[in-house]
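# Descriptive structure summary
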Amino acid sequence: MRRFRRHGQESHRDKLKQELYQFNKTVEHGFPHQPSALGYSPSLQLLAIGTRSGAIKLYGAPGVEFMGLHDETAAVTQVHFLPNLVELVTLLDDNSLHMWTLRAHHGVSELLEIGRFVLTGPPGAPPSVTRVTAVLAHSSGELLLLGTEGGHVFVVEVPGFREMEDKSISLESVQSRIPDDYVGRRNLQCVEALQENPLNSRQVLVGYGRGLIVLWDLDARRAVQQFLGTQQLESMWWVPDGGCVLSCHSDGSYCQWKLGEEKIQYAPHRTETPYGSFPCKAISKIVQIPTAKGPPFLIFSGGMPRASYGDRHCISVISGKTHVALDFTSRIIDFFVIQDWDRDPSALVVLAEEELVVVDLLSAGWPVMQAPYLAPLHCSAITCSHHVSSIPLKLWERVRAVGQLQNTCKHLSTLQPWPLNGGQNLAPDPPQRDLLLTGHEDGTVRFWDASGVCLYPMYKLSTSSVFHTDTDPNDNMNQGSEGEWPPFRKVGCFDPYSDDPRLGIQKIHLCKYSGHLAVAGTAGQILVLELNDEALEQAVEVSLVDLLLGQEGFRWKGHTRLEEREEPVNFSPGFQPFALVQCQPPAVVTALNLHSEWKLVAFGTSHGFGLYDYQQRNVVLIRCTLSPSDQLAMEGPLSRVKSIKKSLRQSFRRIRRSRVSVRKQHTNNPLQEINARMEAEALQEMELAPVQRKIEARSSDDSFTGLVRTLYFADTFLSDSTHRTASLWAGTNGGSVFAYALRLPSIERRNEDVVTAHPVKEIQLMHRAPVVGLVVLDGRGAPLPEPLEVAHDLARSPDMQGSHHLLVISEEQFKVFTLPKVSSKTKLKLTAVEGSRVRRVGLAWFGSSQTEEYGESGLVVLTNLGELHVLSLPHIKMQVHYSCIRREDISGIASCVFTKHGQGFYLISPSEFERFSLSARWIVEPKCLVEVPLPPSTSSASPTAYRTQPDGMAQIQKALEGDQT
């Protein structure tokens, strides 16, 4: 009977776990790493980006996102949508072609690969004959024209990828019709470009690298017209009215060729070199689009004077007398132009190597548009992250308002809607408002709307204005000087260079109820800021904190501190600093906590920790945690490299000595033989240490034992079990936990009486593992609420009747102590046999997916092996575990941040966050539908009036549906 009851309890618990926990990697935020190709479908209004790692990503209206990954790791070199269909073709640099489709399944579209093809060519042909260099997706949706390195054009039927030999354009048939006096007749080089006649779909232009352009009739299988260019061809464009063709060349010129006048044109109708007669770089792509009421738009990339501006990445836009050279900070991959219903150009979309830039061509001045996705998170390198859940509406609207004001000051487009609006976003509205704050190397903090699928930029805070730096705050990088030629204009926000690395943000803490923000940096600076809707000129009060407390024998060898501005500074509306705490030595701030109800901020470095009262602007507490053996803590990041080299040398010497000892085992001296064997065993243990390490006491001589890893405020029982008190807890790298009791004045006397702190308890973990987290559990076993959370009726008051417990989380185990006696109650060791260590911890609420009222608190843990664990509270029992991040991805593990509702973010590249969910209830993922568009000419007809899917495609779709079933 007891066994049956236990089995029933276990099955009930398993069912409950399924209702609470579910692991999913849901969506990728940010800009794709190393983009390599760009595609666009005017009928679907979708953008496609291919990357060097073989990923393909599609974007439409905000919230409409798809991602696919080729089995091959080859780079995507070209992306082409089939006109008026939901299929696209990708070309990889291994010369393989892949067909993708957006298939509807249960009312939601999925991106699936449905075909693969490698061009074979005639038997015995060299590889250059079939090496694809240009692809044209024919308007019929049934043909692909593939130009090759050998000069041939193969015609392939899709989706079955059947070669149509009778339609192919051989190099010999083209050469045989070229005049004998043409200079490039013998070597036309590769096919650089293919263009379809906008007025006659049976005619295509074939452009060869040597400069020859041939107008070919697919039905008659002959050349209709030839244009004998002599400059190296880069690309070409057929003007929409069909009357002329533009070709751009490697010498920075472009040519205009008239159609229908002569069968063979020996010279272009007009040749232009936009940027002078000096040698220029190649124009890699050119587009000319007419307008209904004004001059046409001429847009081209490259063409800059080689000597003066050869290192610039530019796209020139010319319309009438208006001429702008858009100057990007990274290499341009590709661009396209979106046209409105009147066929006028409405937006220019540019894919650069590090960002996507969209220029509004309808508004005066051609301003840049704020993209709702694909934000370049790495515009300055990300140094830390902080997530805040359930933002109150008032704070949300204030942050959004100051962010919109910033956009106005940056002259961003605000009049036109986002031009890419393909697909339908079917995801439900986010249940709450979430913020993700990212700290950056240049001293900025960026606020992102992380509520839904799109990570949308809301506001940018810069801390550099508080200090003396090389930057000029009035410097406007977006405008070129008047009269400059070429007429440059800086666009985009990617700027990888930091004026001073000491500005880098290391820790962030935002109170969503009070609007107070604390940020800490690389040079020991801690800024306290508050949200202000108006501009303000004020001086920032500075407090110097000597964490060494005057100890002798220590000399700081690292960087100097930042020099603050003594004069008043003009601060824009937004978060404005009013207090600055400067640690001495100016080491990196390693821990930060803000208690807005008590008006206190705690901070820690590798030398100690302190407590600052930002209401009275005075330092409450300084504690030095430095031990005599912590010499490395006195060295900056640069001098530490010398110590690493020294350690490596010592390791190699130990290994060499051990090997010498092993070789001497044949000696007749028994003592030497025993010593040699022991050293060999020690060497073997040293090599296996990362995998088979046991939990054991660490030496107190280990470096950085005084480094502060975590700081925690708690209102709990510290001295006795009847009187609760405010307290500050600190955990260090050497396994020490310090507890300080805080005496807070009454609200009436808060401005007169000072806050005091005195030490009460100190815990030293036996194994001396670094303390990475501290949590106090109330009488119900629940974590204490956040400051002001109870005051805003967003959490119930903690239970102060039962006994409280302290949960100490070290890298190797979880240990619960009773309060106030601090006696060990229970503990859980992390899998020590596998060498697993805690890297990130967070508290989360897991709501049931079946019952709205039920949920449980849990402790979320990420290890150095990239595994996620959820532990129950207060019993510290393992609930679930999942593999999330590759153990080799050290930067991804270090960048992970958890949310309060069982989700998380980590960097999968310098520019992308991967979002994951552990909760069965809270899942943020794309749910969207893309339908086959109706051609404009048949928009009133029945959907069956044209082919929605090729016959072969329908068979593949049917087979796929059968597999799903």
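Residues numbered from 1 in each chain as written. Predicted model: local features only at pLDDT ≥ 70, side-chain atom pairs only at ≥ 80, totals over all residues. Heavy atoms only, no water.

### Observations regarding the overall build of the protein
Convention followed: Strands are runs of DSSP state E lasting at least 2 residues, helices are runs of H or I lasting at least 4, and numbering of each runs from the N terminus. Each residue gets one of three labels from its accessible area relative to the maximum for its type: buried under 20%, exposed over 50%, partly exposed in between, using a 1.4 Å probe on protein chains only. Two residues form a contact once any of their heavy atoms are found within 4.5 Å. Only the protein chains shown count as covering a residue, and every accessible area follows the Shrake-Rupley method with a 1.4 Å probe.
Of the regular secondary structure elements, the protein holds nine helices and 63 strands. Across the 965 residues of the protein, 54% fall into the buried class. Here the analysis covers contacts within the protein between residues at least 6 apart in sequence; of these, 58% occur between residues at least 24 apart. Accessible surface computed for the protein: about 43,900 Å², of which carbon and sulfur atoms make up 49%.

### Some points on the pairing of strand β37 (residues 505–510)
Selection criterion: At least two DSSP bridges between two strands are needed for those strands to be called paired.
As judged from the five bridges shared by β37 and strand β38 (residues 516–521), these two strands associate in the antiparallel manner. Across the sheet, Ile-508 pairs through a bridge with Val-519, a residue of β38. Hairpin geometry of β37 and β38 is characterised by an intervening segment of five residues between the two adjacent antiparallel strands and by a positive phi of about 80° at Gly-515.

### Quick look at the sheet that holds strand β22 (residues 270–272)
Hydrogen bonds between backbone atoms are what pair the strands of a sheet, whose relative direction is either parallel or antiparallel. Counted only if it meets this: Whenever a helix is involved, its axis is fitted only over the stretch in contact; in every case the axis is a line through C-alpha atoms, and angles between N-to-C directions fall within 0 to 180 degrees.
Taken in spatial order, the four strands line up as β18-β19-β20-β22 in an open sheet, and their pairing is antiparallel. Each edge of the open sheet carries a strand with a single partner, namely β18 (233–238) and β22. The mean inter-strand angle of the sheet, taken between neighbouring strand axes irrespective of direction, is 20°. Relative to strand β20 (residues 254–258), strand β19 (residues 244–249) is paired through five bridges, and the arrangement is antiparallel. In the sheet register, Cys-248 faces β20, and the bridge partner there is Tyr-254.

### Structural notes on the pattern of salt bridges
Just so we agree on the cut-off: Each salt bridge in this description consists of a side-chain nitrogen of Lys or Arg and a carboxyl oxygen of Asp or Glu lying within 4 Å of one another.
Applying the stated criterion across every chain, the model contains 29 salt bridges. Among the salt bridges present, the one from Arg-270 reaches Glu-272, with a minimum N-O distance of 3.2 Å. On the basis of relative accessible area, Arg-270 is assigned to the partly exposed category, the value being 34%.

### Let's talk about the UniProt feature "repeat: WD" (unreviewed entry) in the protein
The line we're drawing: UniProt positions are given in the numbering used here, feature names are shortened, and annotations may be inferred rather than shown by experiment.
Here, UniProt's "repeat: WD" (unreviewed entry) annotation points to residues 431–449. Strand forms 63% of residues 431–449 and helix 0%; the C-alpha atoms that close the span are 13 Å apart.

### Quick word on the state of the cysteines
How we decide: Here, two cysteine sulfur atoms that lie within 2.5 Å of each other are counted as a disulfide.
Counted under the stated rule, the structure contains zero disulfides. Note on Cys-248: no disulfide assigned, nearest cysteine sulfur contributed by Cys-255 at a separation of 9.4 Å.

### Observations concerning the sheet that holds strand β27 (residues 332–339)
Spatially, the four strands line up as an open sheet ordered β27-β28-β29-β30, and their pairing is antiparallel. Two strands lie at the open edges of the sheet, namely β27 and β30 (368–369), each paired on one side alone. As paired elements, strand β28 (residues 345–352) and strand β29 (residues 356–360) share five bridges and run antiparallel to each other. Within β29, the residue paired with Ala-347 across the bridge is Asp-360.

### A short note on the confidence of the model for the protein
Keep this limit in mind: The pLDDT value tells you how sure the predictor is about a given residue, anywhere from 0 up to 100.
Residues of the protein with pLDDT of at least 70 account for 86%, and the chain-wide mean is 87. Note on residues 1–5: pLDDT under 50 across the span, and zero contacts to partners over four residues away in sequence or across chains.

### What about the nonpolar core?
Under the convention used in this document: The nonpolar core is taken to be a set of buried Ala, Val, Leu, Ile, Met, Phe, Trp, Tyr and Cys residues, with the residues joined through side-chain atoms within 4.5 Å.
Counting residues in each nonpolar core, the largest one holds 32 residues, and the members touching the most others are Phe-447, Leu-517 and Phe-575. No other element matches the four residues that helix α5 (residues 393–409) contributes to this core. Apart from the residues within four sequence positions on either side, Phe-575 is in contact with Val-399, Phe-447, Tyr-459, Leu-461, Leu-510, Gly-515, Leu-517, Leu-529, Glu-530 and Leu-531.

### Some details on the packing of aromatic side chains
Aromatic ring pairs: the centre-centre distance and the angle between the two ring planes describe each pair. Just so we agree on the cut-off: Under the pairing criterion, centres of Phe, Tyr and Trp rings, with the six-membered ring standing for Trp, must be within 6.5 Å; the plane angle then separates stacked pairs below 30 degrees from edge-to-face pairs above 60, leaving the rest tilted. The criterion for a charge sitting over a ring is simple: Lys NZ or Arg CZ within 6 Å of the ring centre, and within 35 degrees of the ring normal.
Scanning the entire structure with this criterion turns up 23 aromatic pairs. Arranged with centres 4.2 Å apart and planes meeting at 5°, the rings of Tyr-40 and Phe-336 form a pair that is stacked. With Tyr-40 in strand β2 (residues 35–41) and Phe-336 in strand β27, this residue pair connects regions lying 296 residues apart in the sequence. Seen from their ring centres, Tyr-373 and Trp-418 are 5.6 Å apart, and the 90° between their planes marks the pair as edge-to-face. Separated by 45 residues along the polypeptide, Tyr-373 in the loop between β30 and β31 (382–388) and Trp-418 in the loop between α5 and β32 (424–425) bring together distant segments of the chain. Of the two residues examined, Tyr-373 and Trp-418, each falls in the buried class. One aromatic cluster is present, formed by Phe-23, Tyr-882, Phe-898, Tyr-906 and Phe-916 through successive ring pairs. For the cation-ring pair, Lys-285 lies above Phe-335, with the distance from its terminal atom to the ring centre recorded as 4.9 Å. The cationic tip of Arg-312 hangs over the ring face of Phe-488; the distance from NZ or CZ to the ring centre is 4.2 Å.

### A look at the side chain of Ser-109
Worth spelling out the cut-off: Definition of a polar contact: a pair of N or O atoms within 3.5 Å, with one able to donate and the other able to accept a hydrogen when the atoms are protein atoms, and with sequence-neighbouring residues admitted only if both atoms are side-chain atoms.
With respect to the element layout, Ser-109 can be found in strand β9 (residues 108–118). For Ser-109, a relative accessible area of 5% translates into the label buried. Polar contacts involving the side chain of Ser-109 include one to the main-chain amide nitrogen of Val-930, which spans 2.9 Å. Setting aside residues no more than four positions away along its own chain, Ser-109 makes contact with Phe-66, Arg-103, Ala-104, Cys-928, Leu-929 and Val-930.

### Structural notes on the side chain of Thr-101
Examined against the element boundaries, Thr-101 turns out to sit in strand β8 (residues 96–105). We classify Thr-101 as buried; its relative accessible area is 0%. Reaching out from Thr-101, the side chain makes a polar contact with the side chain of Glu-87 at a distance of 2.7 Å.

### Considerations on the pairing of strand β44 (residues 591–595)
With five of five residues buried, β44 is to be regarded as a mostly interior element. Note: β44 against strand β45 (residues 600–604), five bridges, orientation antiparallel. In the sheet register, Leu-592 faces β45, and the bridge partner there is Phe-603. The hairpin formed by β44 and β45 contains four residues between the paired strands, and Lys-599 there has a positive phi angle of roughly 60°.

### Topic: the environment of Glu-234
Along the chain, Glu-234 turns up in strand β18. Taking the C-alpha atoms as reference, Glu-234 lies 9.8 Å from Asp-251; in sequence the two are 17 residues apart. In this structure, Glu-234 is in contact with Glu-192, Cys-248, His-249, Ser-250, Ala-282, Ile-283 and Ser-284, ignoring residues within four places of it in sequence.

### What to know about the environment of Gln-265
Tracing the backbone shows Gln-265 in strand β21 (residues 264–265). As for Gln-265 and Gly-229, which are separated by 36 residues in sequence, their C-alpha atoms are 8.6 Å apart.

### Focus: unusual backbone geometry
Following Gln-584, the chain continues into Pro-585 via a peptide bond in cis, with omega recorded as -5°. In this structure, Pro-585 sits in the loop between β43 (574–584) and β44. Residues other than glycine seldom take positive phi values, yet Gln-34 does so here, at roughly 55°. Along the chain, the position of Gln-34 falls in the loop between β1 (21–30) and β2. Residue Asn-95 is not a glycine yet carries a positive backbone phi of 75°.

### Quick look at α5
This is how the line gets drawn: To estimate the expected span of a helix, count its residues, drop one, and scale the result by 1.5 Å. As used here, the arc belongs to the directions running from the helix axis to the C-beta atoms.
Helix length check: α5, at 17 residues, gives a terminal C-alpha distance of 24 Å against a target of 24 Å (1.5 Å per residue), a fit within 8%. Listed as buried for α5 are Leu-395, Trp-396, Val-399, Val-402, Gly-403, Gln-406 and Asn-407. The buried residues of α5 occupy an angular sector of 150° when projected down its axis, which confines them to one face. Among the structural elements, β33 (435–440), β34 (444–449), β35 (456–462), β39 (525–532) and β43 are those in contact with the buried residues of α5. Just downstream of α5 lies His-411, where phi reads positive at about 60°.

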